[in-house]
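Each chain, written out:
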Amino acid sequence: MLARSELPPDTTELARYLIGKVVVRTTPEGVLSGRIVETEAYPVGDAAGHAYRGETARTHALFLDRGHAYVYLAYGVSWMLNVSSEAAGVGAGVLIRALSPLEGIATMQRNRRIQNLRDLARGPGRLAAALDIDRRVDGIDLCRRGPLWIARDAGDTPDDTPDVGTSTRIGLSQEAQRLLRFYVRGDRFVSGPKALNR
DNA sequence: AGTGCGATTGACT
DNA sequence: GTCAATCGCACTA
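Every value quoted in this text rests on a predicted model; they were computed, and no experiment measured them.

Chemist: Honestly, the layout of surface pockets in this entry has me stumped. Any pointers?
Modeler: Over the atoms, a rolled probe matching the size of one water molecule traces out where space is still vacant. Approximately 720 Å³ is the volume attributed to the largest pocket. Surrounding the largest pocket, 32 residues form its lining, Tyr42, Ala48, His50, Tyr72 and Leu172 being those nearest its centre. Those elements that place two or more of their residues in the lining of the largest pocket are strand E3 (69-74), strand E4 (78-84), strand E5 (93-101) and helix H3 (124-130). Split by residue class, the lining of the largest pocket holds 17 nonpolar, 12 polar and 3 charged.

Chemist: Sorry, what's going on with empty space enclosed by the protein here?
Modeler: In the structure shown here, the tally under the stated rule is 1 cavity of 30 Å³ or more. By volume, the largest cavity amounts to about 40 Å³. Every residue along the wall of the largest cavity is listed here: Leu2, Leu7, Leu18, Gly67, Val83, Leu142, Cys143 and Ile150. Here the lining of the largest cavity is composed, by residue class, of 7 nonpolar, 1 polar and no charged.

Chemist: Please clarify how the pairing of E5 should be interpreted in this entry.
Modeler: In summary, the side chains of a regular strand alternate between the two faces of the sheet. Judged by how many residues are buried, E5 sits mostly within the fold: 9 of 9 residues are covered. Sheet topology places strand E2 (residues 30-42) next to E5; 8 bridges connect them, and they run antiparallel. From the neighbouring strand, Glu40 faces E5, where its bridge partner is Leu95. Pairing analysis gives 3 bridges linking E4 to E5, with the strands arranged antiparallel.

Chemist: Any chance you could explain helix H2 (residues 105-112) here in plain terms?
Modeler: Quick reminder: α-helices carry 3.6 residues per turn. Residues three or four places apart thus point the same way. Within the sequence span of H2, burial applies to Thr107, Met108, Gln109 and Arg112. Buried-residue contacts for H2 involve E2, E5 and H3. Arg113 sits one or two positions beyond H2 and adopts a positive phi of about 55°.

Chemist: Even after reading the chapter, I still don't get the environment of Ala61, so can you show me in this structure?
Modeler: Tracing the chain through its elements places Ala61 in the loop between E2 and E3. When its relative accessible area of 2% is taken as the criterion, Ala61 is described as buried. For the pair Ala61 and Asp187, spaced 126 residues apart in sequence, the C-alpha to C-alpha distance is 30 Å.

Chemist: Would you explain the nonpolar core in this entry?
Modeler: Generally speaking, soluble globular proteins have nonpolar side chains that are buried together. If you look at the biggest cluster of nonpolar residues, it comprises 40 residues, and the most contacted ones within it are Leu18, Leu81, Ile96, Leu99, Ile133 and Leu148. Taken together, the elements giving at least two residues each to this core come down to helix H1 (11-18), E2, E3, E4, E5, H3, strand E6 (148-151) and strand E8 (181-184). Setting aside chain neighbours within four positions, we find Ile133 in contact with Arg25, Val71, Trp79, Leu81, Ala128 and Leu148.

The rules behind each value
Residues numbered from 1 in each chain as written. Chains lettered and ligands numbered in written order. Predicted model: local features only at pLDDT ≥ 70, side-chain atom pairs only at ≥ 80, totals over all residues. Heavy atoms only, no water. 1 Å grid on protein atoms, 1.4 Å probe; cavity = no way out; pocket = protein on both sides within 12 Å on 5 of 7 lines; lining within 4 Å. Points joined across faces, edges and corners; volume = space filled by probe spheres on them. Helix = DSSP H or I, 4+ residues; strand = E, 2+ residues; numbered from the N terminus. Nonpolar A, V, L, I, M, F, W, Y, C, P; charged D, E, K, R; others polar. Buried < 20%, exposed > 50% of the residue type's maximum accessible area, 1.4 Å probe, protein only. Pairing = 2+ DSSP bridges. Contact = heavy atoms within 4.5 Å. Core = buried A, V, L, I, M, F, W, Y, C linked by side-chain atoms within 4.5 Å.

Here's what the structure looks like:
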């Protein structure tokens, strides 16, 4: 499990820091997990961020201390998993965009109703569906063991650092030019157009 | 109360 | 490559 004190207290640094960490979901079906291979930062003052116009019922979790889950429904279709990223009362977050599946792959395949490993958790809505994430886990503390938390892979070593690329964020009409997306170069579980993944 | 549109996806050409 | 699905905000009146 990650201690809150080790999370960089800055949204953009946290987005970079979370690459390579592991999202763990515990359900009655068993443990589901995947390594984070793609994130996006939505820092303070970002017009594309949900916290930009202040706290509302929906965005409450973005204003919790860093390391809490903010989960919302996009386009009425897909759930999005974010990690709150600043001090309590300050609204900002990191969107988790893709996972490399680790544990519980058969259950994820059932949750997604597909077999193809590459498409299981490649994209924010897909990863939420694979891990059975929805509003039930909104506001959960990801720095405590529970239904949803973030871990460091047991196999990680300091010299095992992935090659992380930076690009513009995906699907935005505002603040579209800012380089706030982070991804593992060459990883087949990263989403987005080829041009953004060099 | 009505409107516009979004941090997406899957089906289809 | 195009496009509809589907829902809940945020905003206007």
